[in-house]
Amino acid sequence: MERRPGQTRDYGRIWALSDGRAGNARQAEALAGALSSHSEILHLDARAPWRWAAPRRLPGAGQAFGDAYAARLDTAPDIAIGCGRQAALATRLAGRRGARTVQILDPRIDPRHWDLVVVPEHDALRGDNVLVARGSLHPVDDVWLASAREAHPALGALPGPRIAVLLGGDSRHGRFDVAAFDALADRLDAILACEGGSLLLTGSRRTSPGVRDALRARYAGHAGCVWADARDGANPYAGMLGWADRIVCSSDSVNMLSEACATRAPVFVFAPGPLEGAPQRFVDGLFAEGRARQFEDTLSAFDVTPLRETARIAAEIRARLGL
């Protein structure tokens, strides 16, 4: 391991390191929060040439994130948690200065450069210091959901069943374009015409401009809640999860599916076409376990057990690191 030997720790200080991208930041910060109330969030941007090689340590890598991060390393934390390839270099640097290190997602080099590496089950990486989680890490639990309901009381006043609709976007694993959105919307409208209820629809960072425009054109003023992007104000995503009686999620987003499945609502997966690789394996696992069902022409309720991996992974980290 890349740290100085012979140092005792009280494990009071934790850094949550990421490049600031929503999917990476959320995982690092959720795990840090599950381990300690003394976590500090750092969003870092590696400079060339180190960013090109991260997480490999080229000569001079101590300056990869600029003078501010280099100075912080003089008082390195007890634990450095990173998510994403850029953060994997930052955690390695912190490990060299005495921090215990936990890296989320496959760093693409030998995992023994970190104390522990956390990967989703649908990824292939395994090893003695590799912890395997079902899906993505996140903060969604009963306390988080209660806080979300309290912050968004207006959503709770909408007629039920409240159907939260989480829209992803195109990725290298599959598509979610305007045609896919229109097909989804046609099914949703047919269900509401027969059964009533309210639609709560939100886009995500990968939702294309075309789908955002189609979402507004079809539902603005005609649904319980519509959020396409920042022009619509603060994203009520948390409140949608908190108040949802049903959740429909596009199949392309492992992060959104993981959070949806952490609620106590039945989850229905809309797949406009086949996925490739890890996301499809994750979706297939949800179907096999009965935690989610394919969205077809109905949203009939079914019994669920919330899928919550962050607390379990945090407990395993405590045990492995002797916290």
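Refer to the structure presented above.
### Looking at helix H7 (residues 178-195)
Between its terminal C-alpha atoms H7 stretches 25 Å, which fits the 26 Å expected from 18 residues at 1.5 Å a residue. Its buried side turned inward, H7 meets strand E7 (162-166), strand E8 (198-202), helix H8 (209-219), strand E10 (246-250) and strand E11 (267-270). For H7, the N-terminal cap is Asp 177; the gap from its side-chain oxygen to the backbone nitrogen of Ala 179 is 3.3 Å.

### Digging into the packing of aromatic side chains
What characterises a pair of aromatic rings is the spacing of the ring centres plus the angle enclosed by the ring planes. Counted under the stated rule, the structure contains five aromatic pairs. Ring centres of Trp 15 and Tyr 69 lie 5.7 Å apart, and the angle between their planes is 50°; this geometry places the pair in the tilted category. Here the residue Trp 15 occupies a position in strand E1 (residues 14-18), and Tyr 69 occupies one in helix H3 (residues 66-72), the gap between them amounting to 54 residues. Side by side, Trp 15 and Tyr 69 carry an identical accessibility label, which is buried. Taking 6.4 Å as the distance between ring centres and 90° as the angle between the ring planes, the aromatic pair formed by Phe 181 and Tyr 219 counts as edge-to-face. Residue Phe 181 is located in helix H7, and its partner Tyr 219 is located in helix H8; the two are separated by 38 residues in the primary sequence. Grouping aromatic residues by their ring pairs yields a cluster made of Trp 15, Phe 65 and Tyr 69. Over the face of the ring belonging to Phe 295 we find Arg 187, whose NZ or CZ atom lies 5.9 Å from the ring centre.

### What to know about the nonpolar core
Core analysis: the largest hydrophobic core is formed by 30 residues, its most contacted members being Leu 166, Leu 241, Ile 247, Leu 257, Val 267 and Leu 286. Those elements giving two or more residues to this core turn out to be helix H5 (142-151), E7, helix H9 (237-243), E10, helix H10 (254-261), E11 and helix H11 (278-289). A total of five residues in this core trace back to one element, the largest contributor, which is H10. Apart from the residues lying within four places of it in its own chain, the contact partners of Leu 241 are Val 140, Trp 144, Leu 145, Leu 166, Ile 247, Glu 259, Ala 260 and Thr 263. Judged by nonpolar contacts, the second largest core, of 24 residues, contains Leu 184, Leu 199, Phe 268 and Phe 302.

### So, the side chain of Ser 18
Position of Ser 18 relative to the elements: it lies in strand E1. Under the relative-accessibility criterion, Ser 18 is labelled buried at 2%. Within the local environment of Ser 18, its side chain forms a polar contact with the backbone nitrogen of Gly 20, the two atoms lying 3.1 Å apart. Apart from residues lying up to four places away in sequence, Ser 18 is in contact with Asn 24, Ala 25, Leu 42, His 43, Leu 44, Cys 83 and Ala 87.

### A look at the pairing of E7
Strand residues, when the strand is regular, have side chains that alternate between the two faces of the sheet. Taken across its five residues, E7 has five buried, putting it largely inside the fold. Burial of the side chains of E7 extends over both faces: Arg 162, Ala 164 and Leu 166 are buried on one face and Ile 163 and Val 165 on the other. A crossover links E7 with its parallel partner E8, the connecting element being H7, and its sense is right-handed. Of the pairings in the sheet, the one linking E7 to E10 comprises four bridges and is parallel in character. When the sheet's bridge partners are listed, Leu 166 is paired in E10 with Cys 249.

Cut-off values and rules
- Residues numbered from 1 in each chain as written.
- Predicted model: local features only at pLDDT ≥ 70, side-chain atom pairs only at ≥ 80, totals over all residues.
- Heavy atoms only, no water.
- Helix = DSSP H or I, 4+ residues; strand = E, 2+ residues; numbered from the N terminus.
- Expected span 1.5 Å × (residues − 1).
- Contact = heavy atoms within 4.5 Å.
- Polar contact = N/O pair within 3.5 Å; in protein donor to acceptor, adjacent residues only side chain to side chain.
- Phe/Tyr/Trp six-rings, centres within 6.5 Å; stacked < 30°, edge-to-face > 60°.
- Buried < 20%, exposed > 50% of the residue type's maximum accessible area, 1.4 Å probe, protein only.
- Lys NZ or Arg CZ within 6 Å of the ring centre and 35° of its normal.
- Core = buried A, V, L, I, M, F, W, Y, C linked by side-chain atoms within 4.5 Å.
- Right-handed = clockwise from strand over helix to strand, strands pointing away.
- Pairing = 2+ DSSP bridges.

From the geometry alone we can't say anything about function, so treat these as descriptive.
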